[in-house]
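Results of the structural survey
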Amino acid sequence: MAHVSRRTFLEHGGALAGVGVAVSSGRSAAEGVAEVDPGLFSTLRTRLTGRLVLADDQDYATAKRVFYWNPRIEQRPVAIVECGEEEDAVRAVDFARSQDLEIAVRSGGHSHLAWSSCNGVVIDLSKLKKMTVDPARRIVHAEGGVFSGEVARAAGRYGLAPVLGQCPGVSATGVTLGGGLGWLAGLYGASCDNLMSARLVTADGQWHDVDEQTNPELFWGLRGAGANFGVTTSFTARLHEVGTILGGDVHYSPSDAKAVLQGFREVMHAAPDTFQATLNLTRGERGLFLSFCHAGAEIDADTMLQSLRAIAKPTKEVVLRQPFAKLAEKAAATNPGQGAVPAFREVQTVRRERITDDVIEILVDQLAQATPDVVMGLSHYMHGEVCRVLPDATAFPHRQEHSLYLRMAHSWSDARLTDDRFAWSEQWRERLRPRQNERIYANYQTYETKQGSPSVFAENHARLLTLKQRYDPENVFHRNANIAPARG
Ligand SMILES: Cc1cc2nc3c(=O)[nH]c(=O)nc-3n(C[C@H](O)[C@H](O)[C@H](O)COP(=O)(O)OP(=O)(O)OC[C@H]3O[C@@H](n4cnc5c(N)ncnc54)[C@H](O)[C@@H]3O)c2cc1C
């Protein structure tokens, strides 16, 4: 087996040429000069319950790849540790640190910037699928590799629902550690508001069982900035009684884009806590479609549906009274799972305080110029319970009423298109990002602001810096919305 590059140790902090990735130790593998003795991999392999994938293994190309993958963010891991039990995470951390290799932690692989791949050791928890639902106590205990849709399905058997995001393939741990916004945010808050405890291994290889009583400060930081402190291998979260909901998609004609955007703004401005919706716009086959969930009384759900029909003439409706789990298991708009997997995917997301007339004009204009694979969206309109929780109650601060996220995702397979595609998406982002008070949601970070991580953590940044200093002073866990000092 060939020797592989090893990262050498950097004594001073610096910023990698990647968004939000600040490092205080280590270079990328490309810069590395030292080599890992193959014998050390053999020893590691015998210690692991799970699997070790190296660059010359057949599965390497698949194992290194995550959902959003393109030439700008591609990584070439030295090793991928597919954990077979929680303890494998410690073995992987110890190994990577002993060899000065960069670390990335992966659960569901849905990071927008391929943060869960890296040029060192990927600690992949996606095979850790143990989960128990306790219907009497209304809690779920799940390992790090359990996906959001899998929790919804398991809890749904008891008429219960987790508070997670809208994509079934995102890991429940990943979405919760960054905040977590989904169909039930108006009723039950963010995912992190429903976290009860977590088990994690920190950079020094130590285990921590963390909850409100045992380590309230670290527990606070885990709820919004959680990827910064270690590898969370399992967690416990609250479930809620959620019966049948009304949900699905109302489609409109792309020629009604402006009216639909204006109507969406009005409907969401007055929406009850029980209602959440995402408006998707594409020039592809699906056109404009408003995906929604109403988790309240049937009569109120019917009223909401009438107001969606009044926005513009629907061209099609796929709306059902259905168990919540069925909606929660439905593929995300940007990931419908049909057709061949594209070679490259990219996403841009911006947060806005309001849907202004300007935003509407720009979205209509961008839609007119978009290629059919582009799916733009307005999602996570902030209202209800998620906004009643104070911004400093957890590390997730972005709880301002009527704020929301704009997103564009696209995919392509011809490498010759790459530069044009990036030019288009960058133009989209630059036209839509706010000129002041710019804020970024950790789970949706696709670019960096001049202010750096204070844009992500706002008023919680200083407190998080102290916590980071205590648990990860060398910034071993930096492939994330990284807590780093502000730049001038
Ligand atoms: C199609 C799609 C739909 C989405 N929908 C929503 C949504 O509705 N609501 C929402 O809030 N977000 C949504 N997201 C964003 C998603 O919540 C974040 O990208 C999240 O970080 C993904 O977690 P993951 O484990 O799947 O991804 P990964 O790529 O595995 O990890 C993402 C980040 O979290 C860190 N991380 C993951 N697991 C752990 C762990 N166990 N311990 C420590 N660090 C860890 C990784 O190091 C990385 O920095 C969506 C993303 C996609 C691609």
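Everything numeric here is computed off the predicted structure, so don't read it as measured data.

Now for the nonpolar core. Among the nonpolar cores identified, the biggest contains 86 residues, and Phe229 and Leu378 are the most heavily contacted of them. Ranked by residues supplied to this core, first place goes to helix 8 (residues 257–269) with six residues. When residues no more than four places from it in sequence are discounted, the contact partners of leucine 378 are Leu261, Phe264, Ala277, Thr278, Leu279, Leu281, Ile355, Leu363, Leu404, Tyr405 and Leu406. Core analysis: the second largest hydrophobic core is formed by 27 residues, Leu44, Ala79, Ala96 and Leu125 among them.

With that out of the way, let us pick up the site of the ligand. Within the structure, the ligand sits among 36 residues, and Ser116, Gln166, Ser171, Leu181 and Tyr441 are positioned closest to it. For the ligand, whose free accessible area comes to 940 Å², the fraction covered by protein is 96%. Elements supplying a minimum of two residues to the shell around the ligand: strand 7 (103–106), helix 5 (172–178) and strand 14 (231–241). At four residues, helix 5 tops the list of elements feeding residues into the shell around the ligand. When grouped by side-chain class, the residues that make up the shell around the ligand number 15 nonpolar, 19 polar and two charged.

It is worth spelling out the domain arrangement of the protein at this point. Here the protein is described as being made up of domain 1 (4–126), domain 2 (131–241) and domain 3 (244–444). For the pairing of domain 1 and domain 2, the buried interface totals around 1,300 Å² over both sides, and the portion due to carbon and sulfur atoms is 63%. For the pair domain 1 and domain 2, the number of links is two salt bridges. For arginine 199, the salt bridge identified is with glutamate 87, shortest N-O distance 3.3 Å.

This part takes up the pairing of strand 16 (residues 275–282). Strand residues, when the strand is regular, have side chains that alternate between the two faces of the sheet. Summarising burial for strand 16: eight of the eight residues are buried, a large majority. The two faces of strand 16 match: Phe275, Ala277, Leu279 and Leu281 on one face and Gln276, Thr278, Asn280 and Thr282 on the other face are all buried. One ladder, built from seven bridges, connects strand 16 with strand 17 (residues 288–294); its direction is antiparallel. In the sheet register, phenylalanine 275 faces strand 17, and the bridge partner there is histidine 294. Two successive antiparallel strands, strand 16 and strand 17, enclose a turn made up of five residues, where glycine 287 displays a positive phi of approximately 60°. Bridge count between strand 16 and strand 20 (residues 375–379): four bridges; the pairing is antiparallel. Among the inter-strand pairings, leucine 279 is bridged to a residue of strand 20, identified as leucine 378.

Under the counting rule described, the total for this entry stands at 35 salt bridges. Where arginine 399 meets aspartate 193, a salt bridge forms, and the shortest distance between an N and an O atom there is 2.7 Å. One end of the pair, arginine 399, is in the loop between helix 12 (385–388) and strand 21 (404–412); the other, aspartate 193, is in the loop between helix 6 (185–188) and strand 12 (195–201), and 206 residues separate them in sequence. Like arginine 399, the residue aspartate 193 is buried in the burial classification. Glutamate 385 serves as the salt-bridge partner of arginine 388, at 3.1 Å between the closest nitrogen and oxygen. Here arginine 388 pairs with glutamate 385, and both are found in helix 12, just three residues apart, close to one helical turn. Salt bridges linked by common partners bring Arg51, Asp59, Glu82 and Lys127 together as one network.

Calculation rules
Residues numbered from 1 in each chain as written. Predicted model: local features only at pLDDT ≥ 70, side-chain atom pairs only at ≥ 80, totals over all residues. Heavy atoms only, no water. Core = buried A, V, L, I, M, F, W, Y, C linked by side-chain atoms within 4.5 Å. Buried < 20%, exposed > 50% of the residue type's maximum accessible area, 1.4 Å probe, protein only. Helix = DSSP H or I, 4+ residues; strand = E, 2+ residues; numbered from the N terminus. Contact = heavy atoms within 4.5 Å. Near = heavy atom within 4 Å. Areas by Shrake-Rupley, 256 points an atom, 1.4 Å probe, with all protein chains shown as cover. Nonpolar A, V, L, I, M, F, W, Y, C, P; charged D, E, K, R; others polar. Domains from an automatic or database assignment. Buried area = accessible area lost by both parts, 1.4 Å probe. Salt bridge = Lys/Arg side-chain N within 4 Å of Asp/Glu carboxyl O. Pairing = 2+ DSSP bridges.

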